[in-house]
Amino acid sequence: MRIVIVGDGKIGSALAEQLSREGHEITIVDRSETPLQRTVEDLDILSIEGNGATYATQMEAGVDEAELVIAVTAQDELNLLCCLIAKKIGAKHTIARVRNPEYAEELPLISDDLGLSLSVNPELICATEMARTLRTPSAIKTDTFFGGKVELLKFQLPADSPLAGRTLMELPSITKAKVLICAVERGEQEIHIPSGSFRLQAGDRISFVASYAGAQQFFRQMKLAAGRVRSAMLIGGGRIAYYLAKQLVEAGLDVKIIESDPARCEELSVLLPKAEILRGDGTNEAFLRKCGIETTGAVAALTGIDEENVLIGMYIRKTWPKVKVITKVNRTSFQSIIDSMDLGSVFNPRNSASNLICRYVRAMQNSESSSQIETLYKLVGGKAEALEFRVSETSKLCGVPLQELKLRENLLIGCIGRGGQIIIPSGQDTIEPGDSVIVVTCSAGLGKLEDILADGRIRRFDDTECWFCESLEKMKAYIEQTVLCEGKSYFGVGGQLCHYPKFEPEQYVILKLTPRRREGNWYRWNQEIPPNSSKELAKAAAEFSKLKICYRGDLVFRDVEMIDVEAFLRGEIICQKPQEQASGMDAMTL
C-alpha cells in the first residue's frame with residue numbers, strides 16, 4: 001500500500017518504521033532536512049523536503065496515487081489542511097493528528113467536509129490507557145477487547161507467588177479464575193507464547209486474557225491488589241494530565257494535580273473544577289509529602305521532561321511501594337534501560353497513536369476479507385501483537401475445532417466472544433460467524449483471521465490420524481460422502497459443528513492391509529452426535545457407522561499395499577509393491 005506521512009516528528013518516524021516493516025511503500029514529508037536525513041538513514045523509504053500542506057509538495061510526494069495520507073505535524077490546523085488538500089488531489093483515505101481539546105467536539109461535525117477518515121489524539125488515547133490501568137492496580141498495563149468486556153493484563157510475577165516454578169497446565173489447580181496466559185516476557189530479550197508445559201519463573205512479566213471479574217478473582221487469589229484506587233496525584237499539568245484527570249473525576253476518584261506554572265494552574269482550575277490544583281515543584285520531596293503523597297492510591301509522573309518522570313517514578317516506587325505508579329516517557333531511545341527500571345506502568349503517547357493508525361491501515365488493506373481487525377495492541381515494544389478480529393460467515397475457519405487448525409508458530413488464540421458470552425477456548429471449541437476472536441502472536445503483519453494458519457490451509461487431520469474400512473468399496477463410499485464434500489457440515493467427535501475443507505489428494509494415503517489375525521482386533525465405530533439431534537442427522541450418522549471401523553492397536557499385518565488415491569477415486573486400483581511385515585502404527589506412518 002502506498003502511504004504518505006506528513007511530519008517527521010516522534011509519531012511520524014515511529015509510523016514510518018512500523019508501516020515500512022509491514023511492507024508498505026512509504027514517503028515521508030517534512031519542512032526540515034535534519035529529521036528526514038536521520039529517518040532515511042534508518043529506513044529504506046523516500047523523503048520529500050517541503051511544506052506538506054502545499055499542492056506542489058503533495059504532488060511531488062505522489063499523494064494523487066496514494067491510498068493513505070497521514071498528517072502528524074505539530075500543528076493541528078496544518079494537519080487538517082494537509083488532509084483536505086490530499087483528499088481533493090486524489091488520496092483515498094486521510095488521517096490527521098488533532099491534539100487540542102477545544103477541537104474535540106467540533107471535529108465530528110466537519111470530518112466529512114474535510115474528507116477526514118480518522119482523527120487521532122495521542123494524549124487522549126494515552127490518558128485513556130492510563131485510566132484503564134488504574135482499575136486494576138496490580139497490572140502494569142491493561143488493554144481491552146470486545147468493547148471493554150475482556151481485558152489483556154500484564155503483571156510481574158513476585159518471588160513468593162504460588163505460580164512461580166509451576167507449569168501452565170497446573171494453573172487450574174492453583175486458581176479457579178478463568179484466565180489464559182498468552183505471553184511471557186523473561187529478561188530483556190526473551191518473549192514466549194507459552195504452551196501448557198511452559199514453566200513460570202519469579203520476575204516473569206505475564207500477560208493474560210480474562211473478563212474484568214475473572215481478572216479481579218485471579219489477582220485476589222494470587223494475594224495481589226485487586227480493587228480500584230480511590231485517589232490519584234498527577235505531577236505535571238499538560239494535555240495528558242488534563243485528559244486523565246477528567247476521566248478520573250468522572251469515575252469518582254479524588255484527583256490532585258501538581259503544576260509549577262501559575263497560568264496553567266489557573267487554566268486547569270477552570271477546566272477541572274472538581275480536581276484539586278496545587279502549584280509547586282513535583283520533584284521536591286518535602287512538597288510531595290505536604291501534598292499527601294503517602295495516603296494517595298496512585299501517582300502519575302506526567303511532566304514534559306522524561307528524566308524528571310523517571311526520577312519521580314523510581315523515588316515513589318522505592319519509598320512507597322504500595323502506591324500505584326504511572327510514568328510517562330516520550331523517547332524510545334535506551335528502551336532496554338527503561339524496561340529494566342522499576343517505574344511501575346510506563347506509557348508512551350506516540351506508541352498509543354501509532355497502534356491505532358496501524359490497526360486502521362491493516363483494516364484498509366483487508367477490507368474485502370472475511371474477518372476485520374477491530375482492535376490492535378503492540379506488546380513488548382512491538383515484538384508481539386494482540387489483535388481482535390470480527391468473523392464473517394464466509395470465513396473458512398468457521399466450525400473447525402481449534403485443535404484441528406495448524407497455526408503459525410508463536411501464536412495463540414486467547415479468547416472468543418460470542419454474543420454476551422466470553423469463551424476461554426479449549427481445543428474442542430470452534431470459531432463461528434459473528435464471533436470476536438483475540439489472537440496473540442509474535443508474527444507481525446496479520447491482517448485477517450485466516451493469516452493465523454501456518455500455510456494458509458486448514459488441515460482437518462493431523463499427520464498420524466487415520467480411519468479404517470473393512471473393504472475398498474466401503475472406503476470409496478466413505479471418502480465420497482466425507483472428504484470429497486468440500487464445505488459440507490458434519491458433527492465432530494465432541495459434538496461440534498465442522499466443515500470439510502477442499503480435498504487435496506496429495507494429503508491422503510490409502511493403504512490396503514492384510515492382517516495375520518482378524519478376530520478380536522477390530523471393533524465397531526459409531527458416529528457420535530449431540531443429544532436431541534434431528535432424525536436426518538441420526539440417519540446420516542448411522543450410515544457413516546456402517547462404513548467405518550476402528551483399529552484396536554495390537555494387530556500385525558502380513559501385507560501392506562499403497563494405493564494411488566486419484567486412480568482409486570476414478571475406479572482403478574493401482575498398488576505399489578507390497579511392503580514387508582509391518583505393525584499397525586508402522587503402516588500408518590508410511
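Keep in mind that what you see is a predicted model, and the values were worked out from it rather than measured.

Right, let's talk about the overall build of the protein chain for a bit. Along the protein chain, the regular secondary structure elements total 18 helices and 29 strands. By residue count, 50% of the 590 residues in the protein chain fall in the buried class. Contacts spanning at least 24 positions in sequence make up 63% of the contacts within the protein chain whose residues lie at least 6 apart. As presented, the protein chain carries roughly 28300 Å² of accessible surface, and 49% of it is formed by carbon and sulfur atoms.

The next point concerns the packing of aromatic side chains. Evaluated as defined, the whole model comprises nine aromatic pairs. Seen in terms of ring centroids, F155 and F218 are 5.8 Å apart; in terms of plane orientation they differ by 70°. Their pairing is edge-to-face. Taken together, the residues F155 in strand β8 (residues 150-156) and F218 in helix α8 (residues 212-221) connect sequence positions 63 residues apart. When its relative accessible area of 2% is taken as the criterion, F155 is described as buried. Between the aromatic rings of Y315 and W320, the centroid separation amounts to 5.5 Å while the plane-to-plane angle is 85°, which identifies the pairing as edge-to-face. Taken together, the aromatic side chains of F155, F208, F218 and F219 make up a single cluster linked through ring pairs. Of note, R135 hangs over the ring of Y212, and the distance from its end group to the ring centre comes to 4.2 Å.

With that out of the way, let us pick up the sheet that holds strand β10 (residues 190-192). Read from one edge to the other, the open sheet built from five strands follows the order β7-β8-β11-β9-β10, with strand pairing classed as antiparallel. With one partner strand each, in any of the chains shown, β7 (141-145) and β10 form the two edges of the open sheet. On average, each strand axis in the sheet is tilted by 20° relative to the strand beside it, whichever way the strands run. Pairing of strand β9 (residues 180-186) with β10 involves three bridges; the strand directions are antiparallel. Opposite R186, over in β10, you have E190 as the bridge partner. Across the sheet, α8 touches β8 and β11 (205-211), and the angle it forms with β11 is around 135°.

Another aspect to go through is the packing of helix α4 (residues 76-89) against helix α5 (residues 107-114). It is at 10 Å that the axes of α4 and α5 come closest, and there the two elements cross at 30°. On α5, the residues that touch L80, C83, L84 and K87 of α4 are L107, D113 and L114. Taken together, the residues of the contact of α4 with α5 sort by class into five nonpolar, no polar and two charged.

Take the packing of helix α1 (residues 10-21) against helix α14 (residues 349-365) next. Across the interface, α1 lies against α14 with an axial gap of 10 Å and an inter-helix angle of 45°. Classified by the angle between their axes, α1 and α14 sit oblique to one another. The chirality of how α1 crosses α14 is right-handed. Mapping the contact onto sequence places K10, I11, S13, A14, L15, Q18 and L19 in α1 and R350, A353, S354, N355, I357, C358 and V361 in α14.

So, about the pairing of strand β16 (residues 324-328). Along β16, five of the five residues are buried, which leaves the element largely enclosed by surrounding structure. Taking every second residue as pointing to the same face, both faces of β16 are buried, with K324, I326 and K328 on one and V325 and T327 on the other. Relative to β16, strand β15 (residues 298-301) is paired through four bridges, and the arrangement is parallel. Bridge pairing in β16 places A301 opposite T327. Taken together, β15, helix α12 (residues 306-319) and β16 constitute a β-α-β crossover, and its handedness is right-handed. Here β16 runs beside strand β17 (residues 345-347); their pairing, made up of three bridges, is parallel.

Parameters and conventions
Residues numbered from 1 in each chain as written. Predicted model: local features only at pLDDT ≥ 70, side-chain atom pairs only at ≥ 80, totals over all residues. Heavy atoms only, no water. Helix = DSSP H or I, 4+ residues; strand = E, 2+ residues; numbered from the N terminus. Buried < 20%, exposed > 50% of the residue type's maximum accessible area, 1.4 Å probe, protein only. Contact = heavy atoms within 4.5 Å. Areas by Shrake-Rupley, 256 points an atom, 1.4 Å probe, with all protein chains shown as cover. Phe/Tyr/Trp six-rings, centres within 6.5 Å; stacked < 30°, edge-to-face > 60°. Lys NZ or Arg CZ within 6 Å of the ring centre and 35° of its normal. Pairing = 2+ DSSP bridges. Axes fitted to C-alpha atoms, helices over the stretch in contact; angles between N-to-C directions. Nonpolar A, V, L, I, M, F, W, Y, C, P; charged D, E, K, R; others polar. Parallel < 35°, antiparallel > 145°, perpendicular 65-115°, else oblique. Left-handed = near helix turned anticlockwise from the far one by under 90°. Right-handed = clockwise from strand over helix to strand, strands pointing away.

Without other data, these values stay purely geometric and don't point to any function.
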